[in-house]
Amino acid sequence: ERAKLFETTLTAIIEMVQRATLCLVALAMLASHVQGRVSTIRAEMTEYESRLQSSHPECTAIYRVTLEPRFTVQGNDLSMLPTHGTDTSIPSSDPRYDNFLDFRAKGQRTFGANYVGHPFPDDPAKQAAARARHSVTALTEVTATPNGFQRDNLRQYHAVCVELRGVYGRWIEIMAESLQPDQQLCVTDWNRPAMAENVFQESCGNGNLYTCRESTNDVNSDGSVQDNMAIKFFCRDSCDDPDFEFFWRIAASQEKPIRLADGSWQQPDGENWCGMRTGDDFPSSLLEPYPENYEEPLVFDERLVSSASTTGTSALATVLAACVASLFALRAL
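Residues numbered from 1 in each chain as written. Predicted model: local features only at pLDDT ≥ 70, side-chain atom pairs only at ≥ 80, totals over all residues. Heavy atoms only, no water.

Caption draft 1: Region of interest: the overall build of the protein chain. Scanning the protein chain from N- to C-terminus turns up seven helices and 14 strands. Here the contacts in the protein chain between residues at least 6 apart in sequence split such that 71% fall between residues at least 24 apart. For the protein chain, the computed accessible surface area is about 17,900 Å², with 54% contributed by carbon and sulfur atoms. (Helix = DSSP H or I, 4+ residues; strand = E, 2+ residues; numbered from the N terminus. Contact = heavy atoms within 4.5 Å. Areas by Shrake-Rupley, 256 points an atom, 1.4 Å probe, with all protein chains shown as cover.)

This is the structure:
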């Protein structure tokens, strides 16, 4: 009987240790939070918490973005996240496939993907719930990235700050859209000196924001140009709501590259690239036009809006609770 009891107890202890290990792994994943090629440097916090930070107290969230061809939006760009709700795949028969000759030379063959029905394309309940609101899961699910946009909260007098990698020599398209109608959105350069030869560029819009411009990169002390730049989203005036949700996306030019004599590849001057962009693929473009005399449906559910800012917190709390329960169970044994 004692041997059997010992064996049962040992098995239970092993199971508890395994659960605790899984909890620690889950916590590490939540802490690092890497989605697509958007890495969280500073997780979203309140304006009061950001003021206590030793660096960049103006930023309630900081992200590092690496633009990639697998997330191309229109076949002539590099972007940052899966384009939920849209088919952006570029087959080899498409003339735009040659825009990625430099990446193909490195062995990459797939550019873009078919994200129609994403996220949860195989979940009938979520798909039905979205259709009931005359919407799509790319808009009704808070974890979605509609048309490659990220969802965030903007707080009055503060900013959402973004570091961009790999954009030297490219043109940059910056887009944002608020969930509230006509809410002001602005974007400007961030985290570098404002110089006469490299001035800050600021753009604003109401409801949505679109700007397309040449990348403004940092300059090293020896005069060389860095391969990154930084921007921040904020609300300057007419901020009706001190806290509001918005979507943002950044893309960089990727035209058919030029092969140089030394075998390397170079992007052509992208001065005309902005004129080739549609400039209208905001998240709201995923909605079908409403019939005449139709009562406007509830597209962005208020429950989803309120839960968006707490999704990461609730997930972390759930994992912590599970870890604590496992540890207490282990101690009881």
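Caption draft 2: Quick peek at the state of the cysteines. A full pass over the atoms with the stated rule returns three disulfides. The side chain of C186 participates in a disulfide bridge whose partner is C204; the two sulfur atoms lie 2.0 Å from each other. Since a negative S-S torsion denotes a left-handed disulfide, the C186-C204 link at about 110° is right-handed. One end of the pair, C186, is in strand β8 (residues 184–189); the other, C204, is in strand β9 (residues 203–206), with 18 residues separating them in the sequence. Using a relative accessible area of 40% as the deciding quantity, one classes C204 as partly exposed. Each sulfur of the disulfide joining C212 and C274 lies 2.0 Å from the other. Where C212 bonds to C274 through sulfur, the torsion about that S-S bond is close to -80°, and the disulfide is left-handed. A residue pair is termed long-range when its members are at least 10 positions apart, and C212 in strand β10 (residues 208–214) and C274 in the loop between β14 (265–266) and α6 (302–308) qualify at 62 residues. (Disulfide = S-S within 2.5 Å. Buried < 20%, exposed > 50% of the residue type's maximum accessible area, 1.4 Å probe, protein only.)

Caption draft 3: The side chain of E141, seen in detail. Its place among the elements puts E141 in the loop between α5 (137–140) and β5 (150–155). When residues no more than four places from it in sequence are discounted, the contact partners of E141 are P119, F120, K126 and R151.

Caption draft 4: Summary view of the pairing of strand β7 (residues 171–178). Of all eight residues making up β7, eight are buried, and the element is well covered by its neighbours. In this sheet, β10 lies alongside β7 in antiparallel orientation, the contact comprising seven bridges. Following the sheet pairing, M175 is matched in β10 by Y210. With seven bridges connecting them, β7 and strand β12 (residues 243–253) associate as antiparallel partners. When the sheet's bridge partners are listed, E173 is paired in β12 with A251. (Pairing = 2+ DSSP bridges.)

Caption draft 5: The environment of D189, seen in detail. Looking at the element boundaries, D189 is found in strand β8. On the basis of relative accessible area, D189 is assigned to the buried category, the value being 1%. Each C-alpha atom, one on D189 and one on I231, is 4.3 Å from the other, the two residues being 42 residues apart in sequence. Within the structure, the side chain of D189 is placed 2.7 Å from the backbone nitrogen of Q201, a separation counted as a polar contact. Separated by 2.8 Å, the side chains of D189 and R213 make a polar contact. (Polar contact = N/O pair within 3.5 Å; in protein donor to acceptor, adjacent residues only side chain to side chain.)

Caption draft 6: Structural context of the nonpolar core. Counting residues in hydrophobic clusters, the biggest one holds 34 residues, and the most contacted among them are F233, F246, W248 and I250. For this core, the secondary structure elements donating two or more residues are β3 (59–66), β6 (159–165), β7, β8, β11 (228–234) and β12. With five residues, the single largest contributor to this core is β12. Once you skip the residues sitting within four places of it in the chain, W248 turns out to touch Y63, V65, M80, G148, F149, Q150, D152, V160, V162, M175, A176 and F233. Of all hydrophobic cores here, the second largest spans eight residues; its members include C59, A159, A230 and F234. (Core = buried A, V, L, I, M, F, W, Y, C linked by side-chain atoms within 4.5 Å.)

Caption draft 7: A look at unusual backbone geometry. Going from H118 to P119, the amide bond is cis rather than trans, its omega being -5°. Along the polypeptide, P119 turns up in the loop between α3 (101–104) and α4 (124–132). With a phi angle near 50°, H56 is a residue other than glycine that sits in the positive phi range. Turning to its location among the elements, H56 is positioned in the loop between α2 (47–51) and β3. Residue classification places H56 among the partly exposed residues on the basis of a relative accessible area of 25%. Even without glycine at this site, N147 takes up a positive phi of about 55°. By secondary structure assignment, the location of N147 is in the loop between α5 and β5. With relative accessibility at 5%, the residue N147 sits in the buried group.

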